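# Examination of the molecular architecture
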Amino acid sequence: MSLKAKIQGATGNAEYTQKVASLLARLDAQIPASLRLPESLLENPPLNVTSIPETCGLLTPEELAVTGLDATDVLARIASGQLTAVETVAAFGKRAAIAHQLTACLTDFFLDEGVEQAKALDGYFKREGKVVGPLHGLPISIKDSFPVKGRWGSGGFLSNIELSADDCDMTKILRKLGAVFYVKTNQPQTIMHLESQSFYGRTLNPYNINLSSGGSSGGESALVAMKGSCMGIGSDGGGSIRGPCAFTGLYGIRPSCKTTPMGGTIWYQPGHDGTLASSGPMCSSSRDMRLLVGAVLDAKPWLLDPGLIPLPLSVPDISQRKLRVGVMIHDDVVLPHPPMLRAMKLAKAKLEASPEVEVVDYVPLNHEEGYGIIRTLFFEDGAETIRRCLKEGGEDMLPLTEWVISPPHTKNHDVVQAWELRAKRDDYRRAYSDHWQKQGCDVVLCPPFSGTASRHDTAKYWAYTAIWNLLDYPGAVFPTGLIADPALDTVDANFTPMGPDDDYNHSLFAAPEAYVGAPVNLQVISSRFNDGLVLAAQDVIERIVKS
């Protein structure tokens, strides 16, 4: 099947179709003719497209070398004068154009604007002999719902698309720190799928284009995995940073809520506070997570948004004590697919053999109940706002939208019912906090999803990430270096489902070869505001697992 067929987006009425055709024509025209891939390749692409930027002949050896660096290395080379901001931004921008043609990851491409910003930064560096800030010259890609002044953005529907009049809080801060913007990335209808299909199209997983790149920050994950960006910004209200990073073998952290900036983002439920999202990095190294979160928090975002908690990043030194790691192979609701089980069992064995770590079996507390609470909190108006946004744009409802707003979780609440729902949430959080403390873990190691990257339109169990959103426990994902392998990951003939969600998830793995090449990531969780501990523990756990 051609890429054009694979990346089809949401449909709608005649007026919608005309508007979308105009938007897609605008985006297509933004890709320079000099960076176009041959039509024969796009008509018959390989399953894994990650090597095409290296083999297509459109990038120079120098550009390939630059785009192979992580953000920390990029910044060090710019600050030392080994790289200029212009050559860095141009290299990542050119690779982003190639990545978009293969994965449909972008919503706006404005490399010329980015290069002009980079020229100004290079001029400052030449005059002053120093950088303007800790992110000087760093090209940063950003999710479509984060406004960048003068660029296109949306809140998950055609009806709320805009040319943004101003930067949101996150882009203001990053720009002041020296970052350069050059692209924006795709997200799903509603921004509430673990898949990224919108009116712009469906984003594909570069390791296996028959699989999802995740959502809702799936444009970011595909782009960073293709090395068209070394630092992406996503948001996570149910798994939307960790899921996409896990699907594409990246690093990403969902910080504790109300610590990183979300002010000014495009959202169709303003004032909704039953459960909140937080912003965070999606990147190719663990040190880049620390870099981005630390730089943003050092900029005191609470001075822009008084609703934020003034909590700078503090990463503890855990080298002088044993790290106590709770290992949760599954959540007693859904058994992950064989590649994830293989990775979890390998990780547990290696951690148990390490003198640096004390391993305990972590017992989950009523995750099915917690998942039900957060799904009910997502759309307390019975999804009337979603239906209105779709109707106003003439946009058809996608299958995963229909699923995510389906009963029994989604129903209209009056004021008293909304209070009761929050009381139920808070009771669950209190009980879980007591449970966590009794188990005595520093962190928990667990799956980030019920398998590797999902097949399209099938990601219907989010509890491996969403439960931690409900609790507001920070979490980071990291690649194990393992990939799904049909020779190793076979169907369990003796499987007995724990319930309907487990039965459904098991049915998705009937053909293990469908997942070939999908990266396998794991997730590290700690209790609220222990973001620094998550980062410190992730480093230790990853090193041991990969040893």
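Note: the structure precedes this text.
A short tour of the structure in this document, coming up. (Residues numbered from 1 in each chain as written. Predicted model: local features only at pLDDT ≥ 70, side-chain atom pairs only at ≥ 80, totals over all residues. Heavy atoms only, no water.)

In a regular helix each residue adds 1.5 Å, so 18 residues correspond to 26 Å; helix H8 (residues 111–128) covers 25 Å between its end C-alpha atoms and thus fits that length. Those residues of H8 not exposed but buried are Leu111, Gly114, Val115, Gln117, Ala118, Leu121 and Asp122. All buried residues of H8 lie within an arc of 160° about the axis, which places them on one face of the element. Those residues of H8 that are exposed and angled more than 90 degrees off the buried face are Asp112, Ala120 and Arg127. Buried positions along H8 lie against helix H7 (85–103), strand E1 (106–109), helix H9 (169–176) and strand E5 (180–185). Looking one or two residues past H8, Gly129 carries a phi angle of roughly 70°, positive in sign. (Helix = DSSP H or I, 4+ residues; strand = E, 2+ residues; numbered from the N terminus. Expected span 1.5 Å × (residues − 1). Buried < 20%, exposed > 50% of the residue type's maximum accessible area, 1.4 Å probe, protein only. Arc of directions from axis to C-beta. Contact = heavy atoms within 4.5 Å.)

Along the chain, the position of Val148 falls in the loop between strand E2 (139–143) and strand E3 (152–153). Since its relative accessible area comes to 0%, Val148 is described here as buried. As a C-alpha pair, Val148 and Thr265 span 117 residues in sequence and 9.7 Å in three-dimensional space.

Attention now moves to the side chain of Glu220. Looking at where Glu220 falls in the secondary structure, it is placed in helix H10 (residues 218–225). Despite its burial, Glu220 remains without a salt bridge, the nearest opposite charge being carried by Lys143 at 9.1 Å. Within the local environment of Glu220, its side chain forms a polar contact with the side chain of Ser141, the two groups lying 2.7 Å apart. Those residues in contact with Glu220 that sit more than four places away from it in its chain are Ser141, Ile142, Lys143, Thr185, Gly232, Ile233 and Met282. (Lys, Arg positive; Asp, Glu negative; His and termini not counted. Salt bridge = Lys/Arg side-chain N within 4 Å of Asp/Glu carboxyl O. Polar contact = N/O pair within 3.5 Å; in protein donor to acceptor, adjacent residues only side chain to side chain.)

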